Amino acid sequence: MDVPEQTSTWLSKCYTSSIPAYSCQGNNTRCCAIFYGRTVAASLSILGCCLVLFMILLYRKYRHFAHRMILYLIVPSIIISLVFVNPYRLKDDSPYCQISGFLINTCTFTQRIQILCIVIHLLVFTVKERRPKYIEHVFVSVFCCVPPLISSVPLIGKDSHYGYAGDWCWIKGGSKYENFLRFFCMYFWMLLFVMVEFVCFCIVIVKVRKHIKYIQAVGINGSEDKASVKRYKKQIYPLLCYPLVNMLLAVLTTSNRVQNWMYPDEPVFVLYLLHSIIHPFWGFCNAMMYFISRDTLREFNPSSVWEQLTTRRYTHTSQQHLVGTPTEKGREPSAINPVSATLDNLESSDME
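As a starting point, this report considers the structure included with it. Everything numeric in this text was worked out from a predicted model, so none of it was measured.

What follows covers the overall build of the protein chain. Counting secondary structure elements, the protein chain contains 13 helices and two strands. Sorting the 352 residues of the protein chain into buried and exposed places 45% on the buried side.

So this is what it looks like as structure tokens:
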């Protein structure tokens, strides 16, 4: 379908280089709504994810398991957003489109497995009040190996089945086999994960409410109660919001593909618009979940950030100075700044 001559330049650009006629039903204004909506959402996600990375690295929160799980979740979100924000002209058989489709499927699958791992961690911890020693190694092995393997299935055969797929590059839906690949490589697992996450999350909420009621009724008495509250504050509370938000987003994005699968010749523009915005917006939502904590908001204060930056700079400079200072006779050289030692002791005591 050709673009009408009276269409403005920016509308024509949206139609011809970014969005096919299928998802926006040949309406150039709708095409631009999808294109600019997903571009803005992807840009906000990149910004939000970069801020989370900055905060985790600045305050060295990667020493804690809960924040490392958030860090793992942020990485695929950035990759997805970078793919969506790129205004490169999409073609059905271009190598760029095929690589983009593979990255989108792999990173989206990785996000879903990571959320499942977070829910499993919450469940195990609320039941046993401790984290198994090697559970992080198992989690990392699973979400680093399984998604690329399953995402490689559409590459098997003479021609790749990744290509132009509605609003962006993904698994093409031009045949029954490609529709099966879509279901097997993404939505079967996504729906399965959502059901498992929902059941496990309900159990977690019940356990957390019991713990809160016990603390409110009895109070914090003794070292055991204090240690229990401290463990919950580190291991549970920073991660509670992520499964709930991600389950909601997964349902919203899956609804469009289910409708597309059931009625392939009757696309619903509203569902496509929501899908195209929510999919790259996932990273921004995860970033917002990170910043709803009061402690994080206090740390994000410009004065706190500047103090942390200057403290780390002072510590680094003092260490270099002390290492290069000649020692007195009969004394061992001290290469550790008292400020640095205090910070390291505090951090190592909280190491998870």
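Now, onward.
Its location among the elements puts Lys207 in helix H7 (residues 176-218). Its relative accessible area of 31% is what places Lys207 among the partly exposed residues. Note: C-alpha distance between Lys207 and Val127 (80 residues apart in sequence) is 7.5 Å. In this structure, Lys207 is in contact with Thr126 and Val127, ignoring residues within four places of it in sequence.

Further remarks concern helix H10 (residues 269-291). Helix length check: H10 (23 residues) gives 32 Å between terminal C-alpha atoms against 33 Å at 1.5 Å per residue, within 8%. Along H10, the helix axis deviates most sharply at Phe281, where the bend reaches about 50 degrees.

Summed over the entire model, instances satisfying the criterion amount to one disulfide. The residue that forms a disulfide with Cys97 is Cys169, at a sulfur-sulfur distance of 1.8 Å. Looking down the S-S bond of the Cys97 and Cys169 bridge, the torsion is -105 degrees, so its handedness is left-handed. Note that Cys97 is positioned in helix H5 (residues 95-128) and Cys169 in strand S2 (residues 169-171), a separation of 72 residues in sequence. Summarising the burial analysis for this pair, Cys97 and Cys169 share the class buried. Cys49 carries a free sulfur, and the closest cysteine sulfur to it, the one in Cys50, is 7.0 Å from it.

Membership of the largest hydrophobic core comes to 66 residues, with the highest contact counts inside it found for Val52, Ile70, Leu239, Tyr242 and Tyr290. Only helix H3 (28-58), helix H4 (65-85), H5, helix H6 (135-151), S2, H7, helix H9 (241-262) and H10 provide two or more residues apiece to this core. For this core, the element with the highest residue contribution is H5, accounting for 12 residues. Setting aside chain neighbours within four positions, we find Leu239 in contact with Ala66, Met69, Ile70, Ile118, His121 and Leu122.

What counts, and where the lines are drawn
- Residues numbered from 1 in each chain as written.
- Predicted model: local features only at pLDDT ≥ 70, side-chain atom pairs only at ≥ 80, totals over all residues.
- Heavy atoms only, no water.
- Helix = DSSP H or I, 4+ residues; strand = E, 2+ residues; numbered from the N terminus.
- Buried < 20%, exposed > 50% of the residue type's maximum accessible area, 1.4 Å probe, protein only.
- Contact = heavy atoms within 4.5 Å.
- Expected span 1.5 Å × (residues − 1).
- Bend = angle between axes of the 7 residues up to and from the residue.
- Disulfide = S-S within 2.5 Å.
- Core = buried A, V, L, I, M, F, W, Y, C linked by side-chain atoms within 4.5 Å.

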